[in-house]
Amino acid sequence: MIEIRLSVDYDEYENGVRISQLIEQLTEKPNAANISVLTIGDWGQAYENGPEDAIESLIKHKHIFTGLSSVFLGDMESEECEVSWINQTNIAPLLEAYPNLRSVTVKGSTNLSFEPLQHAALQELKIICGGLPKSVIKQIAGSQLPELRRLELYLGVDNYGFDASLQEVLAVAKPELFPKLTYLGLKNSEIQDEIAIAIADSPIVDQLDTLDLSYGTLTDVGAEALITSERVKKLKHLDLNYHYMSEKMIERWKATGLSVDLSDEQDADEDDWRYPCITE
């Protein structure tokens, strides 16, 4: 397995270097067909530009990157570009060009789209952002991804683009939508309690190995629904990392003997404000 990461820093971009040039250079490598994991970092001023250049180049050379199975678009640290500033684009043409993709990760949600979202082989879809628009959530809820095993969505806050209702979020958690799903992450949310209460007795939990409600504003209110759920007790793992639960609730979880990640306990500020882990 060959893993490659490409990125264009500020100085390179100012001097005329483009991400498509790096992809072109990659095609000249004798082992280009054996590249299985491709990570695209900064494609150059991502706070202004989307990754169209990278996607167009990858589509152009799909006959060369025949072994590609995993793509990450937007692997940037905050020093390069804050997550809420990263411009994205419609990712669907890339999925169509690479029918053997198994995993797609996207960071950033500005202008993000999956239209149409359909792929016969994709097993993992992960979107990291400070605010996931309901337009994208609806595209996922209306998708055709029969092999999807892992869905991980950073929902974020309304200040950075999250504008979905609870019911619109739950539309991606219907068993008939992704019958092979075993990992569901509805995380990094400012409505984590509401999600926890709704998902605790949802039929989707019956097919999961792991339920991930980490990075959000979960308190004892949402935790109570989870800890008393018979469905949740059957999970192999429950991820509640980064939370606002009380010490008493944490002790109750420990006493259950269940596999639960309770790390990174948070304290609300003096005005009782709670924040998801990733927003800006």
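Residues numbered from 1 in each chain as written. Predicted model: local features only at pLDDT ≥ 70, side-chain atom pairs only at ≥ 80, totals over all residues. Heavy atoms only, no water.

Engineer: Kindly report on the overall build of the protein chain, identifying the contributing residues and their values.
Structural biologist: Within the protein chain, the secondary structure is distributed over 10 helices and 10 strands. In terms of overall dimensions, the protein chain has C-alpha extents of about 60 × 40 × 30 Å along its principal axes. The burial tally for the protein chain puts 52% of its 280 residues in the buried class. A separation threshold of at least 6 residues defines the contact pool for the protein chain, and within that pool the share at least 24 residues apart is 70%. A distance of 9 Å separates the average location of the 23 positive side-chain charges in the protein chain from that of its 48 negative side-chain charges. (Helix = DSSP H or I, 4+ residues; strand = E, 2+ residues; numbered from the N terminus. Buried < 20%, exposed > 50% of the residue type's maximum accessible area, 1.4 Å probe, protein only. Contact = heavy atoms within 4.5 Å. Lys, Arg positive; Asp, Glu negative; His and termini not counted. Charge placed at Lys NZ, Arg CZ, Asp CG, Glu CD.)

Engineer: So, the packing of helix H8 (residues 220-227) against helix H10 (residues 247-256): which residues are in play, and what are the values?
Structural biologist: As a packed pair, H8 and H10 sit with axes 11 Å apart at the nearest point and diverge in direction by 15°. The orientation of H8 relative to H10 falls into the category roughly parallel. Between H8 and H10 lies a crossing of left-handed hand. Of H10, the residues touching H8 (which contributes Asp220, Ala223, Glu224, Leu226 and Ile227) are Met249, Arg252, Trp253 and Thr256. Each residue belonging to the contact of H8 with H10 can be placed in one class, and the counts come to five nonpolar, one polar and three charged. (Axes fitted to C-alpha atoms, helices over the stretch in contact; angles between N-to-C directions. Parallel < 35°, antiparallel > 145°, perpendicular 65-115°, else oblique. Left-handed = near helix turned anticlockwise from the far one by under 90°. Nonpolar A, V, L, I, M, F, W, Y, C, P; charged D, E, K, R; others polar.)

Engineer: Residues and numbers for the environment of alanine 198, please.
Structural biologist: Here alanine 198 lies in helix H7 (residues 192-199). In this structure, the C-alpha to C-alpha distance between alanine 198 and leucine 170, residues 28 residues apart in sequence, is 8.1 Å. Ignoring sequence-local partners within four residues, the contact set of alanine 198 consists of Leu166 and Leu170.

Engineer: So what about the packing of helix H2 (residues 19-27) against helix H3 (residues 52-60)? Which residues, and what values?
Structural biologist: Relative orientation of the contacting elements H2 and H3 amounts to 25°, with a least axis distance of 8 Å. Here H2 lies roughly parallel to H3, going by the angle between them. Seen from above, H2 lies across H3 with right-handed handedness. Taking contact as the criterion, the partners of Ile19, Ser20, Ile23 and Glu24 in H2 are, on H3, Asp53, Ala54, Ser57, Leu58 and Lys60. A per-class count over the contact of H2 with H3 returns four nonpolar, two polar and three charged.

Engineer: Tell me what's going on with the pairing of strand E5 (residues 124-128), and back it up with residues and numbers.
Structural biologist: For E5, a buried count of four out of five residues is recorded, marking the element as mostly surrounded by other parts of the structure. Alignment of strand E4 (residues 103-107) against E5, held across five bridges, turns out to be parallel. Each bridged residue has a counterpart across the sheet, and for valine 104 the counterpart in E5 is leucine 125. Where E5 and strand E6 (residues 150-156) come together, four bridges link them in parallel fashion. (Pairing = 2+ DSSP bridges.)

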